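A closer look at the structure
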Amino acid sequence: MNEYYLIFLVIIAWIIFRLFFWQRKNYGYKCPHCHTEFQPTSWLAYLGPHIIFRRYVKCPQCQKLGWASVIHKQAS
Ligand SMILES: [Zn+2]
């Protein structure tokens, strides 16, 4: 086992972990059906299909799947 390879994997995992929390803190999604703003509730949302600024997720309000647009949350 190449230990440099392992270190590389740890660094990549850390970057993904940090990006996840950063995105969760700063961005939300807006339902295309009922226009509710929401946060994805699980890691699965991040594994789903997505293109830049849009993600295919299920709305917790109306339970419909759709291409939710990514919105930048207001700094509180
Ligand atoms: Zn909805």
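A brief look at the structure comes next. (Residues numbered from 1 in each chain as written. Predicted model: local features only at pLDDT ≥ 70, side-chain atom pairs only at ≥ 80, totals over all residues. Heavy atoms only, no water.)

This part covers the overall build of the protein. If you tally the helices and strands in the protein, you get two helices and five strands. N-terminal to C-terminal, the α/β element order of the protein is α-β-β-α-β-β-β. The proportion of buried residues among the 76 residues of the protein is 20%. In the protein, of all internal contacts separated by at least 6 residues, the share reaching a separation of at least 24 is 44%. Taken as a whole, the protein presents about 6,300 Å² of accessible surface, with 64% of it coming from carbon and sulfur. (Helix = DSSP H or I, 4+ residues; strand = E, 2+ residues; numbered from the N terminus. Buried < 20%, exposed > 50% of the residue type's maximum accessible area, 1.4 Å probe, protein only. Contact = heavy atoms within 4.5 Å. Areas by Shrake-Rupley, 256 points an atom, 1.4 Å probe, with all protein chains shown as cover.)

Ranked by size, the top nonpolar core spans six residues in total: Y29, C31, F38, V57, C59 and A68. Apart from the residues within four sequence positions on either side, C31 is in contact with T36, F38, C59 and C62. (Core = buried A, V, L, I, M, F, W, Y, C linked by side-chain atoms within 4.5 Å.)

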